[in-house]
Amino acid sequence: MNQDTAPRAAWLDLIGLVAATAVGLVVAARGFPLALFAAFTDLLVRGPMEPGVYAAPVLAVAIAVPALLPRQPGWPVVAAGLGVFLVIDLTAADVMMKGLMPIEVGTTRETAIALAAAAGLGLALGGVLLALAQTPPVARWWVGAGLSAGLVLHEVASELFRAVLPRHTEHPSSAPAGQRGIVDRIDVEVWLALGLVLVAAVVAHVRRSGHGVAAPARFRPGAIVAVIAAAALLLLGHALRRRVILDLQLGSDEMAGREATTESFAQVSAVVLAVVVALLVTAYAYRLGRAPAARWVVLGAAAAPVAAFGFQYGGPSSGTRTSLVLLFGILAVAGGALAARHAARMLPWDAIGVVVTAAATPWSWPEVRAELPSADTVGPVLIAVGLGLAFGSGIVLVTEPTGTPPTGPAGTVNDPAEGDSAAAGDAPAVAAPAVAPEGEPAGGRTGQGVGDLAGVLVLGPAALMLCASALAPVVLKSQVGGLIEEDPSFTVPLFSTVGAVLLVLLFGLARAVNRRRPGPRVEATSQMV
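## Digging into the overall build of the chain
A tally of regular secondary structure across the chain gives 19 helices and 0 strands. A burial count over the chain gives 54% of its 529 residues as buried. Partitioning the intrachain contacts of the chain with sequence separation of at least 6 by distance along the chain shows that 83% fall at a separation of at least 24.

## Here's the deal with the environment of Leu-160
Note that Leu-160 resides in helix α8 (residues 154–164). Between the C-alpha atom of Leu-160 and that of Thr-322, which follows or precedes it by 162 residues, the distance is 8.1 Å. Not counting residues within four places of it along the chain, the set of residues in contact with Leu-160 comprises Thr-322 and Leu-326.

## Here's the deal with the environment of Val-325
In this fold, Val-325 is placed in helix α13 (residues 319–342). Residues Val-325 and Gly-379, spaced 54 residues apart in sequence, show a C-alpha to C-alpha distance of 9.5 Å.

## Here we look at the nonpolar core
In terms of nonpolar packing, the biggest core is built from 131 residues, with Trp-75, Leu-82, Phe-391 and Met-465 touching the most fellow members. Counting residues per element, this core draws most heavily on helix α12 (residues 258–309), at 24 residues. When residues no more than four places from it in sequence are discounted, the contact partners of Leu-82 are Val-23, Val-26, Gly-120, Ala-124, Val-190, Ala-193, Leu-194 and Val-197.

## Details of the pattern of salt bridges
Scanning the entire structure with this criterion turns up 2 salt bridges. Across the salt bridge formed by Glu-189 and Arg-30, the nearest N and O atoms sit 3.6 Å from each other. On the criterion of sequence distance, the pair formed by Glu-189 in helix α10 (residues 188–209) and Arg-30 in helix α1 (residues 2–31) is long-range, its members being 159 residues apart.

## Here we look at the packing of helix α6 (residues 108–134) against helix α7 (residues 140–152)
Pairs of packed helices are described in terms of their axes, by the angle between the two and the distance that separates them. Interaxial distance between α6 and α7 falls to 9 Å at its minimum, and their mutual angle equals 160°. Compared by their axis directions, α6 and α7 come out roughly antiparallel. Here the hand of the crossing between α6 and α7 comes out left-handed. Contacts between α6 and α7 involve Leu-125, Val-128, Leu-129, Leu-132 and Ala-133 on the former and, on the latter, Arg-140, Val-143, Gly-144 and Leu-147. Partitioning the contact of α6 with α7 into residue classes produces 7 nonpolar, 1 polar and 1 charged.

## Quick word on unusual backbone geometry
For Arg-290, which is not glycine, the phi dihedral falls at a positive 60°. Take Arg-290: it is sitting in helix α12.

## Thoughts on a nonpolar patch on the surface
On the surface, Val-268, Val-272 and Val-276 cluster together to form a nonpolar patch covering roughly 230 Å² of accessible area. Among the structural elements, Val-268 can be located in helix α12.

## Some words on α13
With 24 residues, α13 extends 34 Å from end C-alpha to end C-alpha; this agrees with the ideal 34 Å at 1.5 Å per step. Residues Arg-321, Thr-322, Val-325, Gly-329, Ala-332, Val-333, Gly-336, Ala-337, Ala-339 and Ala-340 constitute the buried set of α13.

## Digging into the packing of α7 against α13
Where α7 meets α13, the closest approach of the two axes is 9 Å, and the angle between their N-to-C directions is 145°. Between α7 and α13 lies a crossing of right-handed hand. Facing α7, whose interface residues are Trp-141, Ala-145, Ser-148 and Ala-149, α13 presents Val-333, Ala-337, Leu-338 and Arg-341. Among the residues making up the contact of α7 with α13, the classes are represented as 6 nonpolar, 1 polar and 1 charged.

## Describing the confidence of the model for the chain
Mean pLDDT for the chain: 77, with 71% of residues reaching 70 or above. Considering each helix and strand of the chain separately, the mean pLDDT is smallest for helix α9 (residues 182–185), with a value of 41, and largest for helix α3 (residues 55–64), with 95. Every residue in residues 210–215 is under pLDDT 50, and counting partners more than four places away or in other chains gives 10 contacts. Low confidence marks residues 402–447, where pLDDT is under 50. Its contacts with residues over four positions away, or in another chain, come to 130 contacts.

## A short note on helix α4 (residues 74–91)
The end-to-end C-alpha distance of α4, which contains 18 residues, comes to 26 Å, matching closely the 26 Å that a straight helix rising 1.5 Å per residue would cover. Along α4, the residues classified as buried are Gly-74, Trp-75, Val-77, Val-78, Ala-79, Gly-81, Leu-82, Phe-85, Leu-86 and Ile-88.

## Notes on the environment of Thr-261
With respect to the element layout, Thr-261 can be found in helix α12. Sequence-wise, Thr-261 and Leu-248 are 13 residues apart; in three dimensions their C-alpha atoms are separated by 8.0 Å.

Each value, and the rule that gives it
- Residues numbered from 1 in each chain as written.
- Predicted model: local features only at pLDDT ≥ 70, side-chain atom pairs only at ≥ 80, totals over all residues.
- Heavy atoms only, no water.
- Helix = DSSP H or I, 4+ residues; strand = E, 2+ residues; numbered from the N terminus.
- Buried < 20%, exposed > 50% of the residue type's maximum accessible area, 1.4 Å probe, protein only.
- Contact = heavy atoms within 4.5 Å.
- Core = buried A, V, L, I, M, F, W, Y, C linked by side-chain atoms within 4.5 Å.
- Salt bridge = Lys/Arg side-chain N within 4 Å of Asp/Glu carboxyl O.
- Axes fitted to C-alpha atoms, helices over the stretch in contact; angles between N-to-C directions.
- Parallel < 35°, antiparallel > 145°, perpendicular 65-115°, else oblique.
- Left-handed = near helix turned anticlockwise from the far one by under 90°.
- Nonpolar A, V, L, I, M, F, W, Y, C, P; charged D, E, K, R; others polar.
- Patch = residues over 30% accessible without salt bridge, like charges linked within 9 Å, V, L, I, M, F, W, Y side chains within 5 Å.
- Areas by Shrake-Rupley, 256 points an atom, 1.4 Å probe, with all protein chains shown as cover.
- Expected span 1.5 Å × (residues − 1).
- pLDDT = per-residue confidence, 0-100.

Structural data, given as C-alpha cells:
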C-alpha cells in the first residue's frame, strides 16, 4: 500500500511543481517590466505623475490579497487571476502600453483596465504562494522550487516560445490581416499556465477530499496592511522625488553645478526610498516569522533590481546562450532548494546567491558588453545561477524554518496555538507537538499555520516589486549608459551586496538563538531532576 502511494504522491506533487513554474514564467515575463514605468518619474518630471508608476504598487498589493483567504484553496485563486489577465489581454489590444506608457496618452478607462490586468498577475502569484502554504510540508519544496525556476528563467522561456512559435507574441492588431491565426490571437504561455493550474486545482481538491475536513485557518490581515503601507510610502516617495528634481532643474541655469546635484539627488533618493520600503516590510515580516521571514523579504529586496531587469540584452539570443542559461538556472534552483533542505545551517545559501548576482551585474553594463562580446552569455548565466540559488534556497528556508525559536508571540508563525499547522486543505490539522524532535523546533516544519505562512510568503515578492520600482530610474540609467556624467552602475551591485550582508547577519542571529536554547532532551532531563 505504501509502495503504491509514494509514487502516486510524487506525481501529484510534480503537477504542482509544473503549474507553479508556468505561473512564475507568466507573472515574471508580464509583471516584472511594469516596475520599469517608475523610471519615467525622472525622465518626464513635468506635469502630473504618469499612471504607469502605479502598476508595480498595484501588482504588489494584489500579491498580498490571497493572504486574506487562508481558508480558500490556492489554485482556484491563481486561475481567477490568470483569467482576469487573459480576458483583458484578449479584449483590449496592447492595453499595457496604451494605459500605462507616457508616450501613449491613454484614457482613464484604458488606464483602469491596464491596472486591472496588473492586479490579475499579482493575484495569480499570490495564489501560488497560498497554494504553497497549503501544500503538505514534505512536498512544499517541490512547488517552491518550481515557482522560483519560473521567476528566474522567464526570459529564457519567452525566447523558447518565440523560437517554437515565432508569431505568438504578435497581437492581432499588429499583424497583417492575411497572417492572423489562432497562434496570433491567443497568448500561448498564459493559456498553458491556466490549463496547468486547473489541473493542479483538481488534484488538490481530490487530495483534500481524501483527508476529511481540515481545521479552519486563522484570518490575519497584517500582511496586506503592511504591503499597502509600503506601496503608499513608495508612491509618496516618487511624488516627492519628482517635485524636488523639478525644482532643481528649474534652478539649474541660476547656479553652476546644479545639474550634477540633480543627478546625485535622483540616484541617492531612489536608493533611500528602496531601503525605507524594504525595512518597513522586513520589520513586519520579522514580527510575524522571526529570522526566516525577514530573510525572505530581504532576499526579495536585494535581488529586486537584477531579478526584474537583469536579463535585458539587445538582439535575439543564440541557441547556445539560451541552453546554458536554462541548464545552469535549473541546476542552481534545484541545488539551492536541496541545500536549504539538507544543509540550511551550514551556510547562508540565499546570501551566496545574492553575492553571485551582484557580481554578475557589471556584465550587463554597455561598456563591458562593448568590450567583451562574451558578456552577453556570461552575464545571463551568472545571473541565472545567482538568482536560482538565492530564490531556490530562500523559498525553502521560509517554508521550512528550522532555525526559528520554538515558540513566538501570539499570532506569529511559531505560535503553537494555531491549529491549522499541517497544511490546511491537504491533511488533517495537527497541532504542533509540545516537544519537538532534536534539531526540529516546535511550531517549525509541521507547526506553521497556513494563514501566517501565506502572509509571510507574499511579503517577499511584494517587496521585490516595490523595491524594483523604487530603483527603476537608477537601473535604467545604468543599463542604457551615457545619460549622465556620473555613472550610477555600481549602485545596483552595492545595494544587492548590502542585502547579502544583512542576510548573513540574520543567518548568524538564528544560529545564535538556536545555540543558546537548550535542546528538548536537555529540557526533559532538567524537568525530571
